[in-house]
Amino acid sequence: MTEERPGPASLWERDDEVAAIEQAVDALCTGHAPAGRFLVLRGDAGLGKTTLLARAHRIAELRGCTVWSARGGETLRSVPYNVVRQLLQPALLGLLPEETREYLGDWHDIAGPALGLAEPGAGQPDPGSVCDGLVTVLRRLARREYPLVLLVDDAHWADLETLRWLAELGRRLEDTSVLVIVASRPDGAGGERAAYLDRIVDVAGSVTSLQLLTPQATAGLTRATVGEHADDPFCREVWAVTGGNPYETVELLAKVRDCEMEPVEASAHELRDLNRAARGGGLVSRLDKLGIEATRFAWAAAILGAGITVDLVAQLATLTPAAAGRCARILCEARILTTPDPLNQQAGDGELEFTHPLIESAVYNSIPDSLRTAMHGIAARIVTDSGRGAAAASRHLLQVHPDDDQEVVEQLREAARAHLAVGAPAAARACLERALMEPPSPEVHPRVLYELGCATLLTAPAVTIAHLRDALALPGLDVGRRVDAVVRLSQALLHNDQVGEAVRTVEAEARRHAQGPARLRLQACQFLWQGIHAAEVDSPGRSRHLAELAAACTGRDNSERALLILHGFDVLMRGGDADEVVAICDRALVNGRLAPGLSWTDSDWGFELPLMIAAIYAYTDRLDRAEALFSEAVREYDTAGWSGGHVSLSYGYLGLALRRRGRLREAESTLREALRLADRVGHRLPLHWTALCNLIDTLIARGHHDEAMEVAERYRFGAPYPSTILLPDARSIRGRLLLAAGRVDEAVEELEAAGRTAAERGHRNHLVAPWAADLARVLADRDPERARELAATVRAGAERFGTWTAIGEALRCEAALAPRHRAVELAARAAKLLEESPCQYEHAVARVEYGELSGSVAELRRGLTLADSCGADALSRRARAALDRLTTAT
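All of these numbers come straight from a predicted model, not from anything done at the bench.

Draft legend 1. Representation of the overall build of the chain. Along the chain, the regular secondary structure elements total 44 helices and seven strands. Across the 890 residues in the chain, those meeting the buried criterion constitute 59%. As displayed, the chain has an accessible area near 35,600 Å², and 50% of this comes from carbon and sulfur atoms.

Draft legend 2. How the structure looks around the sheet that holds strand β4 (residues 178-184). The parallel open sheet is built from five strands, whose spatial order is β2-β3-β4-β1-β5. A strand with exactly one partner marks an edge of an open sheet, and here the two such strands are β2 (66-71) and β5 (208-209). Note that strand β3 (residues 148-153) and β4 share five bridges and pair parallel. Each residue of the ladder has a partner; that of L148, found in β4, is V178. Across the face of the sheet, helix α2 (residues 49-62) comes into contact with β1 (37-42), β2, β3 and β4 while running at roughly 170° to β3.

Draft legend 3. Representation of empty space enclosed by the protein in the model. Taken as a whole and judged by the stated rule, the model has five cavities of 30 Å³ or more. Reported here for the largest cavity is a volume of approximately 270 Å³. I532, E608, L611, Y653 and I725 are the residues nearest the centre of the largest cavity, which is lined by 18 residues in total. The set of elements that each furnish at least two residues to the lining of the largest cavity consists of α24 (479-495), α30 (608-619), α32 (645-661) and α34 (686-702).

Draft legend 4. A look at a negative patch on the surface. Taken together, the side chains of D403, D404, D405 and E407 present a region of like negative charge at the surface. Mapped onto the secondary structure, D403 falls in the loop between α19 (389-397) and α20 (406-421). With relative accessibility at 61%, the residue D403 sits in the exposed group.

Draft legend 5. Local environment of the pairing of β4. In terms of burial, β4 is a largely internal element, seven of the seven residues being buried. What you see with β4 is no split at all: V178, V180, V182 and S184 on one side and L179, I181 and A183 on the other are buried throughout.

Draft legend 6. Broad picture of unusual backbone geometry. Between Y146 and the following residue, P147, the backbone shows a cis peptide bond with an omega angle of -5°. The omega angle of the peptide bond from E438 to P439 is -5°, so this bond is cis rather than trans. Note that P439 resides in the loop between α21 (425-437) and α22 (445-455). One non-glycine residue with positive phi stands out, namely E13, at about 55°. Considering the arrangement of structural elements, one finds E13 in the segment before α1 (15-30). A relative accessible area of 36% means that E13 is categorised as partly exposed. With a phi close to 55°, N591 is a non-glycine residue in the positive phi region. Structurally, the position occupied by N591 is in the loop between α29 (578-587) and α30. N591 sits in the exposed class, given a relative accessible area of 77%.

Draft legend 7. Seen up close, α2. Over its 14 residues, α2 extends 20 Å from the first C-alpha to the last, a length consistent with the 20 Å expected when each residue adds 1.5 Å. Here the buried face of α2 lies against α1, β1, β2, β3 and β4.

Draft legend 8. Up close: the side chain of E842. Assignment of secondary structure puts E842 in helix α42 (residues 840-854). Among the polar contacts made by the side chain of E842, one reaches the side chain of R659 at a distance of 3.2 Å. Setting aside its immediate chain neighbours within four residues, E842 contacts R659, R660, E809, R812 and L834.

Draft legend 9. Representation of the pairing of β1 within the structure. Burial analysis of β1 places five of its six residues in the buried class, the great majority of the element. As paired strands, β1 and β4 are joined by six bridges and run parallel to one another. Bridge pairing in β4 places L41 opposite A183. Where β1 lies against β5, two bridges are found, and the strand directions are parallel. Paired with R42 across the bridge in β5 is S209.

Draft legend 10. Spotlight on the packing of helix α14 (residues 292-304) against helix α15 (residues 310-317). Contact pair α14 / α15: the axes reach a minimum separation of 9 Å and the direction vectors enclose 110°. The orientation of α14 relative to α15 falls into the category roughly perpendicular. Both α14 and α15 take part in a crossing whose hand is right-handed. Seen from α14, the contacting residues are R296, F297, A300, A301, I303 and L304; seen from α15, they are V310, L312, V313, L316 and A317. Across the contact of α14 with α15, the residue classes break down as 10 nonpolar, no polar and one charged.

Draft legend 11. Here's a closer look at the layout of surface pockets. As a volume, the second largest pocket reaches approximately 1,000 Å³. If you trace the second largest pocket, you find 43 residues lining it, with R736, D774, R777, R812 and Y841 closest to the centre. For the lining of the second largest pocket, the secondary-structure elements that each account for two or more residues are α32, α34, α36 (730-740), α38 (771-782), α39 (784-801), α40 (804-817), α42 and α44 (873-889). Sort the elements by how many residues they give to the lining of the second largest pocket and α38 lands first, with six residues. Taken together, the residues of the lining of the second largest pocket sort by class into 24 nonpolar, seven polar and 12 charged.

Draft legend 12. Just the pattern of salt bridges, in detail. Tallied over the entire structure, the rule returns 59 salt bridges. A salt bridge links R672 to E668; the shortest N-O distance between them is 3.1 Å. Here E668 and R672 lie together in helix α33 (residues 664-679), a separation of four residues that amounts to about one turn. Overall, R672 belongs to the partly exposed group, its relative accessible area being 30%. Exposure remark for E668: the relative accessible area of 11% places this residue in the buried category. R702 is paired through a salt bridge with D873; the nearest N and O atoms lie 3.3 Å apart. One end of the pair, R702, is in helix α34; the other, D873, is in helix α44, and 171 residues separate them in sequence. By relative accessible area, which is 9% here, R702 ends up buried.

Draft legend 13. Region of the structure containing the packing of α20 against α21. Relative to each other, α20 and α21 sit at 170°, their axes nearing to 8 Å. For the element pair α20 / α21, the angle class is roughly antiparallel. Between α20 and α21 lies a crossing of left-handed hand. Note on element contacts: α21 touches α20 through P425, A427, A428, C431, L432, R434 and A435, opposite V409, L412, R413, A415, A416, H419 and L420. Of the residues that constitute the contact of α20 with α21, the class distribution is 11 nonpolar, one polar and two charged.

Draft legend 14. A look at the nonpolar core. Core analysis: the largest hydrophobic core is formed by 156 residues, its most contacted members being W529, W600 and I696. Considering every element that reaches this core, the biggest residue donor is α30, with 10 residues. Setting aside residues up to four positions removed in sequence, W529 forms contacts with S490, Q491, L494, V499, A502, V503, V506 and E608. Judged by nonpolar contacts, the second largest core, of 48 residues, contains V84, V180, Y196 and I200.

Draft legend 15. Just α29, in detail. Listed as buried for α29 are A578, V581, V582, I584 and C585. Each buried residue of α29 lies within a common arc of 160° when the element is viewed along its axis, so the set occupies one face. Residue D577 occupies the N-cap position of α29, its side-chain oxygen lying 2.9 Å from the main-chain nitrogen of D579.

How each quantity is defined
- Residues numbered from 1 in each chain as written.
- Predicted model: local features only at pLDDT ≥ 70, side-chain atom pairs only at ≥ 80, totals over all residues.
- Heavy atoms only, no water.
- Helix = DSSP H or I, 4+ residues; strand = E, 2+ residues; numbered from the N terminus.
- Buried < 20%, exposed > 50% of the residue type's maximum accessible area, 1.4 Å probe, protein only.
- Areas by Shrake-Rupley, 256 points an atom, 1.4 Å probe, with all protein chains shown as cover.
- Pairing = 2+ DSSP bridges.
- Contact = heavy atoms within 4.5 Å.
- Axes fitted to C-alpha atoms, helices over the stretch in contact; angles between N-to-C directions.
- 1 Å grid on protein atoms, 1.4 Å probe; cavity = no way out; pocket = protein on both sides within 12 Å on 5 of 7 lines; lining within 4 Å.
- Points joined across faces, edges and corners; volume = space filled by probe spheres on them.
- Patch = residues over 30% accessible without salt bridge, like charges linked within 9 Å, V, L, I, M, F, W, Y side chains within 5 Å.
- Salt bridge = Lys/Arg side-chain N within 4 Å of Asp/Glu carboxyl O.
- Lys, Arg positive; Asp, Glu negative; His and termini not counted.
- Charge placed at Lys NZ, Arg CZ, Asp CG, Glu CD.
- Expected span 1.5 Å × (residues − 1).
- Polar contact = N/O pair within 3.5 Å; in protein donor to acceptor, adjacent residues only side chain to side chain.
- Parallel < 35°, antiparallel > 145°, perpendicular 65-115°, else oblique.
- Left-handed = near helix turned anticlockwise from the far one by under 90°.
- Nonpolar A, V, L, I, M, F, W, Y, C, P; charged D, E, K, R; others polar.
- Core = buried A, V, L, I, M, F, W, Y, C linked by side-chain atoms within 4.5 Å.
- Arc of directions from axis to C-beta.

Below you can see the structure in the form of structure tokens.
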């Protein structure tokens, strides 16, 4: 706002901060940094964050770094990917389209639209997948542009999508040589923004909190600016007036110098009035003195916020091109506006920008409320007319007062679709919620609510539930859309751990419809949710009804295929014949593949049915089919750009298949990734439990008991359990974990509870709920008769189910309870049967147990080889110890 600024003066008492920046840049440039790094600067407005980032920019450039910078904007918080585009887009804009596609590789169709480098596809990418794609893009750019420094100013005003990306980037810096410096205000954000900023702080490990200037520093700054003859009372008054705020101090001293005020005690009383003229209302007064046209130009520039061009501002301020050009020069001379630094100009930037975020905020907030609202409405039209689309105009429409304008409703719906197409459901939700306030016409209202629900499915289940319920309460949805809304509502209830309500919802809707495809689809959903509802007691009548319906099904349409899968799952859980289960499920496939409309990404039926049939194959020893289906899920989700709850579950079940195969190392890695993805959706959701059960079981199998307990405690793995059935059974795995930890009494209690729950549900498959075999081993000395009864129950169930794995595991259980001569015989049979099983870990255990009982070196060596290949570390140690004992004895 003044003609000159004292350069180094604004960095007084910032030596430690500058030194930390220099150290971080030096570590990056010399390769001494083991991984990428985040630095976080926090401070109230005016404490020098922007100036420190400017110094960081100079430091990095002098050391030969590539430096990209961006900043959030108070009026741009609703613009998705705004800040990340500022950072990454310029580096890619110079590429030809085919070069961009080649450079982005598999992420082109997912991350390209978010960066504004590719047209969105027909689907709706998951925001987590877009985030992953943008992280990958940055990592590739970091290798190309090494050493790379990213500067983000005013992060408290950054869009949610960028903050999510920064937080995710921070988790994946182990092999990315990049320095990221983030500046924000401590209380400048709330809600999700604050949560993401906290995650960024966690990644950084610490925060540099900027402090107010001391009286001594203020005195030094005063004398450096206005002259060494400034006396002590004058300097003390400067500090008292500004409170030690560096920005205000610099501005006040610039005014003192401009006014040629004598810096002595006699003039000190004038400082307060002078300070008011340099900030807030004083800025408004200064704008008034620059003239009405210049004020209108400044207001219009603040409304636009980004991409400030003289032409657009002229339209918004209703100025002629000549007048607009003149106003731009006046405001630049007054240092309210400036031209962007050509070395740091971001893609899509305009011809002008505000000299400081505080000035921009002051100008924006000085606009009278009613006029500001009206100008946003005009800006929306100008942006639309300029060809930038509904999404670009939506941030202005969000600020317009509701006025029963159906055109605004349609523009906001169009903007929401555009936001969803680039993976920004939060921005879409804001548009649709604003559309509801307009409000929409009665016939459009339920559609907007329906669109709101669809925009948040599996990313915000509770929000989905509320909007879909509202949509269904209103007339206006046709039959197809209404049934779809009910199915989606039931899915959201399921993933919000409200399975009983999901059952009641589809059951009530089914009664509204006559016999036909709509009712059959709802009935299939009802059976689906009932089949996985852990709290439902055994209902033989439901199973009979399901069997009767399935008996008449040939798999000619998806409703019939769904009923076949549900029937197969019911038979599996009840411990029926495995070959029968497989035959039922085979009828639900088309040439061995999921039918069109029942795929992993299908929205009509959802992904629960494919998960169910793949899990059936996993437990019936058809692991090749299970792995193929789960791998197909991961591929489909990657192609579709989904990486939220859907992909977490697919990784969780792929981990189950790998665990059953005996590929324990791969299973652990896959399941940890499932948990990471689940964490991005919420906390203690059913999709967490799937990954947790299988990860803990895998870690126990590997012998990593302490890690298993650490994971269990971190995620509070225990009662209360979710309302959905888990594979494997959660209580059984909790009991197994307690046994591994030596907490035997607690383990017995948990395993007994698992048995009672299974009995209530009629679940007699001891592979899915392995409580009985573990409990039998524990009770071998405490209650031998009960232990033998349990072992006999497991054996009977295994023979009824009929797989090599089930029978082999039952024989192992019997062997653990039998006298030695009988135990050797049972162990030999178990090892032979499990040799035919695809479950290599169980085969390895059986071989080691047989070798220990029989004293066979050959068997122990076979078991050791299998254990090593599985990654069963504890079993390998056990086999080696047994071999050492035999060798020593010999």
